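This is what each chain is made of:
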Amino acid sequence: KIENKPLLDINGDFYLGPDADWDQLLGRDRLKDLLYSEAQNWEQLTQTDAESLIKEGIQAPMGNQEVWAAGVTYYRSRTARMEESQDAGGADFYDKVYDADRPELFFKATASRVSNPGGKVNIRKDSTWDVPEPELTLLISPSGKVQGFTIGNDMSSRSIEGENPLYLPQAKMYLGSAALGPCILIQNEIPENTPIFLRISRKGNPVVSEKTDLTQLKRKPQELADWLFRANSFPLGCFLMTGTGIVPDDFTLEPDDLIQIEIAGIGVLENSVGKI
Ligand code: DO4
Ligand code: MG
């Protein structure tokens, strides 16, 4: 998303669309077919022109869609939460939800709380233990069908969440607590062995470098979407983060850290860290 214009890459051919209403643009079924046919009327760009537009700055690829998130969908997340909430007696909840039929789903962010690729995500001043959560994120149409995939960062305060599971909304939902982008891979399925990388650097030095892949994700993307759409409706479609499989041990973020999340086939979402 360049300002309000969609930039489409169809197998290395680039097309720049006119200013778009992103609520309407993304809230459609059969998005791939529709975009392919619309792009024929858009301005065609060379790769060099597309790359220089991207360098000038891109925005999170969304309109006013709500962002939701799933939790404890990887064994690693279950174990990390059980450890952090031991003193609060919350450990049992995480174990049970990992095995339960019903997943943990929570509201994560409105568009105004989502940071752009290249922008700042925030940690909270009243938190002492903070991590990014690198998550495959689904674009779901108003009819509940997965239309595409992007990268999400579910920024989380582990000190607030670990103190009491009822503090989850404060640990997870605040200004700059989410980032999405840099683009949406428009397809209905993603290979199960897709790798996800988290890299964090501090003052230019690497401090975290971890990897997982989608074989570790316990639930299927469309299954999570189906649960989210039970007793709910999303007239603009919505985004759903699918949970983290990486929780760095003995680590907390600091202001000015640089976070890179890479998902093969989608790209790299990069954000620096601010504090509010
Ligand atoms: O239950 C806490 C949140 C879990 C979460 O965000 C995750 O597993 O990614
Ligand atoms: Mg998460």
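Residues numbered from 1 in each chain as written. Chains lettered and ligands numbered in written order. Predicted model: local features only at pLDDT ≥ 70, side-chain atom pairs only at ≥ 80, totals over all residues. Heavy atoms only, no water.

Caption draft 1: Spotlight on the domain arrangement of the protein. Domain annotation for the protein reports domain 1 (7–56) and domain 2 (66–275). Listed by partner, the interface residues are nine residues for domain 1 and 11 residues for domain 2. On the domain 1 side of the contact with domain 2, Leu26, Asp29 and Lys32 bury the most area, a combined 50% of that side's loss. Inspection of the region where domain 1 meets domain 2 yields zero salt bridges. Taken together, domain 1 and domain 2 are joined by five residue pairs in polar contact (both at pLDDT 80 or more). When contributions to the side of domain 1 that touches domain 2 are tallied by element, the ones reaching two or more residues are α1 (22–26) and α2 (31–39). For the side of domain 1 that touches domain 2, the residue count by class is three nonpolar, one polar and five charged. (Domains from an automatic or database assignment. Contact = heavy atoms within 4.5 Å. Buried area = accessible area lost by both parts, 1.4 Å probe. Salt bridge = Lys/Arg side-chain N within 4 Å of Asp/Glu carboxyl O. Polar contact = N/O pair within 3.5 Å; in protein donor to acceptor, adjacent residues only side chain to side chain. Helix = DSSP H or I, 4+ residues; strand = E, 2+ residues; numbered from the N terminus. Nonpolar A, V, L, I, M, F, W, Y, C, P; charged D, E, K, R; others polar.)

Caption draft 2: Quick peek at the site of ligand 1. Close to ligand 1 lie 16 residues; Val72, Ser77, Glu104, Lys172 and Thr244 are nearest. Between ligand 1 and serine 77 there is a distance of 2.6 Å, counted from an oxygen atom to a side-chain nitrogen or oxygen. A distance of 2.9 Å separates an oxygen atom of ligand 1 from a polar atom in the side chain of glutamate 104. Look at ligand 1: alone it shows 280 Å² of surface, and the protein chains cover 99% of it. Mapped by element, the contributors of at least two residues to the shell around ligand 1 are β4 (66–71), α4 (75–84), β5 (104–109) and α7 (168–172). (Near = heavy atom within 4 Å. Areas by Shrake-Rupley, 256 points an atom, 1.4 Å probe, with all protein chains shown as cover.)

Caption draft 3: Structural view of the state of the cysteines. This structure, assessed with the given rule, holds zero disulfides. Cysteine cysteine 183 shares no disulfide, and the gap to the nearest cysteine sulfur, in cysteine 238, comes to 19 Å. According to the relative accessible area criterion, cysteine 183 is partly exposed, its value standing at 29%. Taking relative accessible area as the criterion, cysteine 238 reaches 0% and is therefore assigned buried. (Disulfide = S-S within 2.5 Å. Buried < 20%, exposed > 50% of the residue type's maximum accessible area, 1.4 Å probe, protein only.)

Caption draft 4: Layout of the coordination of the magnesium ion (ligand 2). Distances from the magnesium ion (ligand 2) to its protein donors, namely Glu133 (OE), Glu135 (OE) and Asp154 (OD), fall within the range 2.0 to 2.1 Å. Assessed through its relative accessible area of 1%, glutamate 135 is described here as buried. (Donors = N, O, S within 2.8 Å, 3.2 Å for Na, K, Ca; no water.)

Caption draft 5: Looking closely at the sheet that holds strand β3 (residues 43–45). On the basis of which strands lie adjacent, the open sheet formed by three strands has the order β1-β2-β3 and antiparallel pairing. Only two strands of the sheet have a single neighbouring strand rather than two, namely β1 (7–10) and β3. Averaged over neighbouring strand pairs, the angle between their axes works out to 30° when direction is ignored. Two strands pair when backbone bridges link them, and β1 and strand β2 (residues 13–16) are joined in this way by four bridges, in the antiparallel orientation. Directly across from aspartate 9, in β2, lies its bridge partner phenylalanine 14. Along the sheet, helix α3 (residues 47–56) makes contact with β1, β2 and β3, crossing β3 at roughly 95°. (Pairing = 2+ DSSP bridges. Axes fitted to C-alpha atoms, helices over the stretch in contact; angles between N-to-C directions.)

Caption draft 6: Main features of the environment of glycine 27. Mapped onto the secondary structure, glycine 27 falls in the loop between α1 and α2. By relative accessible area, glycine 27 is classed as partly exposed at 23%.

Caption draft 7: The arrangement of the packing of α4 against helix α5 (residues 91–99) in detail. Axis separation between α4 and α5 bottoms out at 8 Å; the angle between their running directions is 165°. Classified by the angle between their axes, α4 and α5 sit roughly antiparallel to one another. Handedness of the α4/α5 crossing: left-handed. For the pair α4 and α5, the contacting residues are Tyr75, Arg78, Arg81 and Met82 in the first and Ala91, Tyr94, Asp95 and Tyr98 in the second. Classifying every residue of the contact of α4 with α5 by side-chain character gives five nonpolar, no polar and three charged. (Parallel < 35°, antiparallel > 145°, perpendicular 65-115°, else oblique. Left-handed = near helix turned anticlockwise from the far one by under 90°.)

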